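Report on the structure
These are the residues of each chain, in order.
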Amino acid sequence: MSPDMSTPATSTAAPAALPTPPVPQGVGSAAAPTPLPLRSAKDSSNGIGTFGVKSGLAQMLKGGVIMDVINPEQARIAEEAGACAVMALERVPADIRREGGVARMSDPDMIKQIVAAVTIPVMAKARIGHFVEAQILQAIGVDYIDESEVLTPADDQYHINKHGFKVPFVCGARDLGEALRRISEGAAMIRTKGEAGTGNVVEAVRHQRAVMSQIRRASVMDDEELYAFAKEIQAPFHLLKETARLKRLPVVNFAAGGVATPADAALMMQLGCDGVFVGSGIFHSGDPAKRARAIVQSVTHYQNPKLLAEVSENLGPAMVGLTIDDNLKGGQFASRGK
Amino acid sequence: MTGFTDDRRKVIGILALQGAFAEHRTALEKLSCHRRLEVILVKTIEDLSRCDALIIPGGESTTIALLARISGLLDPLRQFVKVKPVWGTCAGAILLSQVVENGKKGGQELLGGMDITIARNGWGSQLESFEAELDVQGLNDPKRPFKGIFIRAPVVLKLHQSSEDHPIQVIAQLASELLPPSFDSSDHSDEPKNFVALRQGLHFLTTFHPELTDDNRFHDYFVRECVLGRS
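Residues numbered from 1 in each chain as written. Chains lettered and ligands numbered in written order. Predicted model: local features only at pLDDT ≥ 70, side-chain atom pairs only at ≥ 80, totals over all residues. Heavy atoms only, no water.

For chain B, the name recorded in an unreviewed UniProt entry is glutaminase, with Crepidotus variabilis as its organism. Checking UniProt for chain B, the heading Sequence similarities (unreviewed entry) contains the comment "Belongs to the glutaminase PdxT/SNO family." (UniProt positions renumbered as here; feature names shortened; annotations may be inferred.)

An unreviewed UniProt entry lists chain A under the name pyridoxal 5'-phosphate synthase (glutamine hydrolyzing), with Crepidotus variabilis given as the organism. According to the UniProt record, the Catalytic activity (unreviewed entry) comment for chain A reads "aldehydo-D-ribose 5-phosphate + D-glyceraldehyde 3-phosphate + L-glutamine = pyridoxal 5'-phosphate + L-glutamate + phosphate + 3 H2O + H(+)".

What follows is the structure in C-alpha cells.
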C-alpha cells in the first residue's frame, strides 16, 4: 500500500494550505474527523447521545483490540491483556457456526455480569434489524451495540434506524457503498465483515481493500463523477462527497472477521484499519492470555516487523482455520444484510 | 514541515500506544506557532528521549499503561513527567493523577505528576457521555465558551495539599447541574468535581477531549504556557 496518503483536515472548513507530512496508513495516519454537522444538528439538546460522543468513543478505541468474551472470567483476562473493549456474547462465532440454529442477543444478566467485571467499554450484539434487542441492550447500559451479521438476521430488508438511540452502533461492511449506507442509518463506527468464526483473514482483507480502493477512486473525482459513483455504489451523495474530501471513512473503521494471529492484525492495520476486533481467534487458541497480549502489541507496533516477530513466538496453536467456499459450515455470514 | 532546522524548535511527542493520538497531531499542526514545533508519535524509549514535551491522549488508561510497561516505557515516562511538560486528556488525565478510584480490579499503574485523586468513568457508561459548554480561564478569547466533549470521562475528586511553588490552577469548570447525581455538589460550586481542566506547574490535564473539536485553544494554551513559555 502506498504510504503517502496525506492527513485529512478534521474540520468541515476547507483544508488549510498547511503542508501535511507524508504519513503511513492506518492507525495514526489520519485523525477521524469531527462529526458531520447535518446529523449532529438533529441530536438531542441536552448534549447526551450526540453523534459527537458516539463517534468520539470509537475514536478512543483506535489503535486497540476489541475481544469477544463469553463470561466475566474471559472479560478479566481480556482486560488484563490490554483489550480496549470487550464484546459480550453467549457463543463466539466459531461455535455459532458449528452448532447452527438461530443465534440471538445474549442473556442480559450475562452481559451485566461482564459490565460489572471490567472497567473498559463493553459491547454487545443485536440481530440485524432487531431494534427491540437494541432497546434492551441500551436499557441495560452497554457502551456500544454491534448490529451484527454473525447473529441470525431478524429483518432481511431493513437495518435498525440507529439515529434514535443514545447508545452508539458499529456495523459491518464489505465495500464503501455498504459502509456509507450504514453511516447514513446512524452507525458511528464501521468494521469489515470478514468471515467470522473461520480464523481465515481473506474476506476481511477483501473488504478492507475494497473500501480503500473505492475511497482512492472517489478522492480524485469531480462532482459529476461523484453523483454517478454514488448511484453505482448505492451510497448517499453527501456522505460519499465527505469521504472523498477526507480520503477516509467519516467514522472509525476496524477490522473484523477471521483475525487469528498478531500478523493478521498488523496486516489489517497496514491496510488502513484503525483497530481490530478478534472474535474466536483468542479464546479458541492454545494460550488465550498470551495470544491476546501479543495481538494487542501487534496493533500498536504494526509497522515494526522485528517486534512482530518477537510477539509471534511460542504462542501455542492458533484456532483451527476454515476454508471459505460454498461448503462452509454455517454458511457465509458476510452476505447477510446489504 | 520541511527540513529546515532551528534550534528553537521544540519537539512535542504524542504517546501513540493506543487511543486518539492522530487527532492531537492534527490539532497541533493547525496552530499558528506550529513552525516552532516538531510533532512526533512516541512508541519507544528512543522516541521519548527526543521529546521536550508530551501529550498523553484519550484511549483506555489500562491498555495504555500495559503497553507502556511491556515496551519498557513506564519508568522513562515517570522520569519524564518529573521534569518536563506533560498534558493528559481523559485517559491521559487518569495516568497523570496521583490516585485513581474505580480503577481496574487489582489496581492499575499510573504515572503521577498531578497531586489529585480522580475517579474513572465518573459519569457511568457511554449512555452518560455528553457535550457541554465550559467556562474557561487563561485561554485566548476566554469569553467564548469551549465545547467540551466528555466520553466515559473521569471526575476529579480531590486536590491534595500542594506545595507553595506548584499550586493547582483551575482552567475550565463545568456547571454543577451537569455533574452526575451520585456526586451531589450543587451547594459547593467550588468543589473539585466541577474542575475539568487543571494546571500544576508544567503539567496540564483535561478530563474532556479538545482534540475532537475544531477549537484548538487548549492546544494553543499548552504549547504557549507549558512548552514554549519556559525556554
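As for the interface of chain A and chain B
Tallying the contact residues gives 55 residues for chain A and 45 residues for chain B. Here chain A packs against chain B, burying approximately 3900 Å² in sum over the two surfaces, 57% of which is carbon and sulfur. Taken together, the connections running from chain A to chain B amount to 3 salt bridges. The salt bridge involving Glu80 of chain A is made with Lys104 of chain B; its shortest N-O contact spans 2.7 Å. Taken together, the links from chain A to chain B amount to 22 residue pairs in polar contact (both at pLDDT 80 or more). Listing elements by their share of the side of chain A that touches chain B, those giving two or more residues are helix H2 (51-61), helix H3 (72-80), helix H5 (108-117) and helix H13 (288-300) of chain A. Taken together, the residues that form the side of chain A that touches chain B break down as 25 nonpolar, 22 polar and 8 charged. (Contact = heavy atoms within 4.5 Å. Buried area = accessible area lost by both parts, 1.4 Å probe. Salt bridge = Lys/Arg side-chain N within 4 Å of Asp/Glu carboxyl O. Polar contact = N/O pair within 3.5 Å; in protein donor to acceptor, adjacent residues only side chain to side chain. Helix = DSSP H or I, 4+ residues; strand = E, 2+ residues; numbered from the N terminus. Nonpolar A, V, L, I, M, F, W, Y, C, P; charged D, E, K, R; others polar.)

Details of the sheet that holds strand E3 (residues 53-56) of chain B
Residue and element names in this part refer to chain B. Taken in spatial order, the 9 strands line up as E2-E1-E3-E4-E12-E11-E10-E7-E8 in an open sheet, and their pairing is mixed. Edge positions in the sheet fall to strand E2 (37-42) and strand E8 (146-150), since each of these pairs with one other strand and no more. Across the sheet, the mean angle separating the axes of adjacent strands is 25° when strand polarity is ignored. On the sheet, helix H4 (residues 74-83) packs against strand E1 (10-15), E3, strand E4 (86-89) and strand E12 (203-206) and is oriented at approximately 115° with respect to E3. (Pairing = 2+ DSSP bridges. Axes fitted to C-alpha atoms, helices over the stretch in contact; angles between N-to-C directions.)

Digging into the packing of aromatic side chains
Residue and element names in this part refer to chain B. In the structure shown here, the tally under the stated rule is 15 aromatic pairs over all chains. Ring geometry for Trp87 and Phe204: centres 5.3 Å apart, planes at 40°, overall tilted. Linking Trp87 in strand E4 with Phe204 in strand E12, this pair joins segments that are 117 residues apart in sequence. Of the two residues, Trp87 and Phe204, both sit in the buried class. Taken together, the ring pairs connect Trp87, Trp123, Phe130, Phe146, Phe150, Phe204, Phe208, Phe218, Tyr221 and Phe222 into an aromatic cluster. (Phe/Tyr/Trp six-rings, centres within 6.5 Å; stacked < 30°, edge-to-face > 60°. Buried < 20%, exposed > 50% of the residue type's maximum accessible area, 1.4 Å probe, protein only.)

Details of the UniProt feature "active site" (unreviewed entry) in chain B
Residue and element names in this part refer to chain B. As recorded in UniProt, the sites labelled "active site" (unreviewed entry) are Cys90, His209 and Glu211. With the annotated positions falling across 122 residues, the maximum pairwise C-alpha distance of 10.9 Å places them together in a single cluster. In this structure, Cys90 sits in the loop between E4 and helix H5 (91-96). Structurally, His209 can be placed in the loop between E12 and helix H6 (217-228).

Details of the sheet that holds strand E4 (residues 144-148) of chain A
Residues and elements named next belong to chain A. Spatial strand order, E1-E2-E3-E4-E5-E6-E7-E8: 8 strands in a closed barrel with parallel pairing. Averaged over all adjacent pairs, the angle separating strand axes in this sheet is 30°, with direction ignored. In this structure, strand E5 (residues 169-173) lies alongside strand E6 (residues 189-192), joined through 4 bridges in parallel fashion. When the bridges of E6 are listed, Gly172 appears paired with Arg191. Sheet contacts for H3: strand E1 (65-69) and strand E2 (85-88); angle to E1, the most-contacted strand, approximately 160°.

Topic: the nonpolar core
Grouped together as the largest cluster of nonpolar side chains are 85 residues, with contacts concentrated most on Met268 of chain A together with Leu198 of chain B. Contact partners of Met268 of chain A, with chain neighbours within four places excluded, come to Val201, Ala204, Val205, Gln208, Ala255, Val259 and Cys273 of chain A. Counting residues in hydrophobic clusters, the runner-up holds 45 residues, among them Leu57 and Val211 of chain A together with Ile149 and Ile151 of chain B. (Core = buried A, V, L, I, M, F, W, Y, C linked by side-chain atoms within 4.5 Å.)

Focus: H5 of chain A
Residues and elements named next belong to chain A. For H5, every residue scored as buried is listed here: Met110, Ile111, Ile114 and Ala117. Down the axis, H5 shows its buried residues gathered within 120° of arc, on one side only. If you follow the buried residues of H5, they end up packed against E1, H3, E2, strand E3 (122-127) and helix H6 (131-139). (Arc of directions from axis to C-beta.)

Side note on the pattern of salt bridges
Counted by the stated rule, this structure contains 33 salt bridges over all chains. Between Arg91 of chain A and Glu99 of chain A there is a salt bridge whose closest N-O contact spans 3.1 Å. Under the relative-accessibility criterion, Glu99 of chain A is labelled partly exposed at 49%. Among the ionic pairs, Arg97 of chain A bridges to Glu195 of chain A, the shortest N-O distance being 2.9 Å. Within this pair, whereas Arg97 of chain A is found in helix H4 (residues 93-99), its partner Glu195 of chain A is found in the loop between E6 and helix H8 (202-219), the two being separated by 98 residues in sequence. Judged by relative accessible area, Glu195 of chain A falls into the buried class, the value being 0%. Through salt bridges with shared partners, one network takes in Arg76, Glu79 and Glu80 of chain A together with Lys104 of chain B.

What to know about unusual backbone geometry
A positive phi is found at Asn314 of chain A, a non-glycine position, where the angle reads about 50°. Tracing the sequence through the fold places Asn314 of chain A in the segment after helix H14 (305-312). Positive phi outside glycine occurs at Asp141 of chain B, with the angle close to 55°. Mapped onto the fold, Asp141 of chain B is located in the loop between strand E7 (130-136) and E8. Residue class for Asp141 of chain B comes out partly exposed when judged on its relative accessible area of 41%.

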